[in-house]
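Take a look at the letters that make up each chain.
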Amino acid sequence: MSEVNRSASPQLGGWTRFVTARPRLALLAALVITALAVFAGSGVADRMGSGGWQAPDAESTYASEVLAREFPASQPNLLLLVDSGSASVDDPDVAAEAGRLAKRLDAEPGVSGVGSYWATRSPALRSEDGHEAIIAARIGGDEKTAGETLDRIAPDFAGERGPVTVSVGGPVAVQHEMQTIIQEDLLRAELIALPVTLILLVMVFGSAVAALLPLGVGIVAILGTNAVLRGLTELTDVSVFAMNLTTALGLGLAIDYALFIVRRFREELAGGADPRTAVGATLRTAGRTVLFSALTVAVSLSAMLVFPQYFLRSFAYAGIAVVLLAAAAALILLPAALVLLGHRINSLDLRRVFRPRKKRVTGAAGGVPSEGKAEAGAPGASASASAGAGADADASPGRGWARLAALVMRRAPVFAIVTTVGLLLLGLPFLGVKFGTADDRQLPAGAESRVVQEHIRDGFPGSPGGGLEVLAEGKGSPADHAELKGRIEKLPGVLRVEGPVAEGSTAYYNVLPEGEAVGEATQQLVRDLRAVPSASSLDVSVTGTAAVLVDSKDAIADRLPWALAIIVVVTLLLVFLLTGSVLIPLQAVVLNALSLTAMFGALVWVFQDGNLSGLLGFTSTGDIETTLPVLMFCVAFGLSMDYGVFLISRMKEEYDRTGDHEHSVTFGLRHTGGLITAAAVILAVVMVAIGTSRVTSTKMLGLGIALAVLMDAMVVRGLLVPAVMKLMGRSTWWAPAPLRAFHRRFGLSEGESAPDAAAASAPAPAPAPDGAAVPAGTSAAASAAAHSPDAAQSADAAGGVEAGPETAADTDLAKSARR
């Protein structure tokens, strides 16, 4: 066993001892807790809502609540589209059947405010061709209650009813159908993602045993988060859309964390450590990085808590829970499993099927040696391990990444400029973004509630469903109400004003706009209505679809600076604690933001402008739902930080060990580039599976974030980071003296220790055989490595670095980059 491992073994630390002391008990407890989570989280989707885009403290929300309470007919959420076929809706038989349907609907429990064309003769409720008309009503209660009522009554009304055919639509039907489709699509996405992910993990690890561990961590995280969300539904509203994020992040982050922990564990085994000591070294290095990564992702997601819309808050609930549970499973359950598996982590190497048979010599990494098994820790164990399964899986990859790093650093200004300009160009379409609100067109073309809304939108006059309601409260006289109506009628963009309808001291007007329901002209009309002077005795509020959009945009604009401040400040602090540098945290924030430009550009070019809509199977509405860019920014920024932390921490570890900046950049990219790319590809597969949803918002979320993580891992981490770090040089690691002192006291790094601590704890340097001077702070193993090939292998093993020629290749490539 190496010197470092020998000294560390008796003192694994409290956390490591806790994790590894009783691994079987830990796994049994995890199994019991997971089983309880399955029970606690069952039926969680049925208790979630499908709305949440409306700001609860907005004027439009207040007016909607008052109108729904005082005038249910003014806020219908259930629409029955009555089709009379070739006959007119005014035909006596059609009118009689419609009257019976309206009477039956009015008698249903939970239904109020029933009205129809045949009762009111309102032209807005009759199609222009005279063959369709509407029965409108309001289903009371929250989203869950309304959905249950709809399920109960819809079969009694939909379908052929005498001379008419009835279809069920309206906002409550749209939301309910959207919730059902999302649940079905999520199950399909899981069935797609799990087997594909397993195949990719086998390709990454080689070992089927190692490949199953990340999936296990992800499943535990997802089931645990479902239980958390089930509990939250008892306390607050939670959006069903958050279930998609639970699946995506649960699998994606669990795989990320498990990839790095298992990879580091196999490196330690290949270096000659016994399983328990290897787990201890892994937790002190990769485990710390996983913890920092989880904190940065959780902080990015927690920023959504500042927004009032429960749609955004729900993603924060789900995201924080799944991130912390994935990290906990990776840092508690995974190490326990690794202690029990030991060298069997390399078992069932399925890649052997595709490789020609050859004589293999295995040692500490596991397997059966050709001439007897090397004793763990014996001289040469590290060398034999290099030929074993662990080394075979982990040591060979990376040379291409090292060559890429050298190439990029030789032409750093070119790569930095070209990559930055390219990313900015990809983001240019976002400058033309138009914000809107989600409607029935989120659903697939054949959905019944969407078909109803399309018939109403295209065939009825006056933009039905796009009207604005003006609520007037107070003891105003008839003259006051007439004066207010006259002022409203004079506003530009007003097609017709109906009302007032009064009940006691409350009245409302229905204002039909000339333009689109949520177009810019209608949004301006909302602002004009709110600015209309009225009698001093009347308090006026405006609601309607366009008013909800205006209030939602204002709420997001008011709170967005706070959300960005939380993300930036806490990210800067966490990355500083990890690196001790002032410039690296700033670089991380800027480069992460750059990595998102392609996602935002594609968001507008594809989903707003409608490019590729036929291929992807959605209907473009000409705008982007207001909350989605905020959600996608928080999620994608957190995932970018996740990859950035893994890369920077490995660079920092090597820089602390060698003090060679360019070599550290090459080393970090070489040892994490392949894993980051593999993790990004696997997460992208999960997100693309989510993106196969038939609901446009979910499709946008899945495909957009998939693009963001791939751009970040392959372009930003592979090209922009090494180029920028080359240009910054050793100043990359600079910090003023007070902050250096702060970091020495409170900071953490992935390495075993900081340079000063390493120098203080290392054995006295061995004298060089040829009398050459040994640099201060160089360990005995590293000193001996400079003069003895055999000792070099041991030194490399002690530091968790691949042996011999590959380490030399790192140095050669770094020198080439400097030239």
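Just above sits the structure.
Residues numbered from 1 in each chain as written. Predicted model: local features only at pLDDT ≥ 70, side-chain atom pairs only at ≥ 80, totals over all residues. Heavy atoms only, no water.

Colleague: Would you explain the overall build of the protein in this entry?
Modeller: For the protein, the helix and strand inventory stands at 31 helices and 11 strands. When burial is assessed residue by residue, the protein has 53% of its 819 residues classed as buried. Long-range contacts, defined here as pairs at least 24 residues apart, represent 79% of the contacts in the protein between residues at least 6 apart. With an accessible surface of roughly 32,600 Å², the protein has 62% of that area assigned to carbon and sulfur atoms. (Helix = DSSP H or I, 4+ residues; strand = E, 2+ residues; numbered from the N terminus. Buried < 20%, exposed > 50% of the residue type's maximum accessible area, 1.4 Å probe, protein only. Contact = heavy atoms within 4.5 Å. Areas by Shrake-Rupley, 256 points an atom, 1.4 Å probe, with all protein chains shown as cover.)

Colleague: Which parts of the structure should I look at to understand the packing of helix α8 (residues 171-205) against helix α9 (residues 208-232)?
Modeller: The geometry of a pair of packed helices is captured by two quantities: the angle between their axes and the separation between those axes. For the pair α8 and α9, interaxial distance at closest approach is 8 Å and the crossing angle is 135°. As far as their axial angle goes, α9 and α8 are oblique. Every pair of crossing elements has a handedness; the one defined by α8 and α9 is right-handed. Residue-level inspection shows Leu194, Thr197, Leu198, Leu201, Val202 and Phe205 of α8 in contact with α9, the latter providing Ala208, Ala210, Ala211, Leu212, Pro214 and Leu215. A breakdown of the residues in the contact of α8 with α9 according to their chemical character gives 11 nonpolar, one polar and no charged. (Axes fitted to C-alpha atoms, helices over the stretch in contact; angles between N-to-C directions. Parallel < 35°, antiparallel > 145°, perpendicular 65-115°, else oblique. Left-handed = near helix turned anticlockwise from the far one by under 90°. Nonpolar A, V, L, I, M, F, W, Y, C, P; charged D, E, K, R; others polar.)

Colleague: Looking at this model, I keep getting lost on the pairing of strand β3 (residues 132-139). Mind explaining?
Modeller: Along a regular strand, successive side chains alternate from one face of the sheet to the other. Summarising burial for β3: seven of the eight residues are buried, a large majority. Sheet analysis places strand β2 (residues 111-116) next to β3, joined by four bridges and oriented antiparallel. Each bridged residue has a counterpart across the sheet, and for serine 116 the counterpart in β3 is isoleucine 135. (Pairing = 2+ DSSP bridges.)

Colleague: Explain empty space enclosed by the protein to me, please; I cannot follow it from the model alone.
Modeller: The rolling of a water-molecule-sized probe over the atoms marks out the regions of remaining empty space. Applying the stated criterion across every chain yields a total of three cavities of 30 Å³ or more. Approximately 100 Å³ is the volume attributed to the largest cavity. Of all the secondary-structure elements, those providing two or more residues to the lining of the largest cavity are β11 (624-625) and α26 (696-728). Partitioning the lining of the largest cavity into residue classes produces five nonpolar, six polar and two charged. (1 Å grid on protein atoms, 1.4 Å probe; cavity = no way out; pocket = protein on both sides within 12 Å on 5 of 7 lines; lining within 4 Å. Points joined across faces, edges and corners; volume = space filled by probe spheres on them.)

Colleague: In this structure, what is going on with the pattern of salt bridges? I would like to understand it.
Modeller: Pairing is possible between side chains that carry opposite charge, provided their charged atoms lie close to one another. A complete count under the given rule lists 28 salt bridges for this structure. Here arginine 264 makes a salt bridge to glutamate 267, at a shortest N to O gap of 3.8 Å. Taken together, the residues arginine 264 and glutamate 267, both in helix α10 (residues 242-270) and three residues apart, mark about one turn of the helix. Of the two residues examined, arginine 264 and glutamate 267, each falls in the buried class. Between glutamate 483 and arginine 487 there is a salt bridge, and its shortest N-O distance comes to 2.4 Å. Here glutamate 483 pairs with arginine 487, and both are found in helix α18 (residues 478-489), just four residues apart, close to one helical turn. Overall, glutamate 483 belongs to the partly exposed group, its relative accessible area being 36%. The class for arginine 487 is partly exposed, based on a relative accessible area of 31%. Members of the salt-bridge network, linked through shared partners, are Arg263, Arg264, Glu267, Glu268, Arg650 and Glu653. (Salt bridge = Lys/Arg side-chain N within 4 Å of Asp/Glu carboxyl O.)

Everything listed here is a matter of geometry and, on its own, says nothing about what the molecule does.
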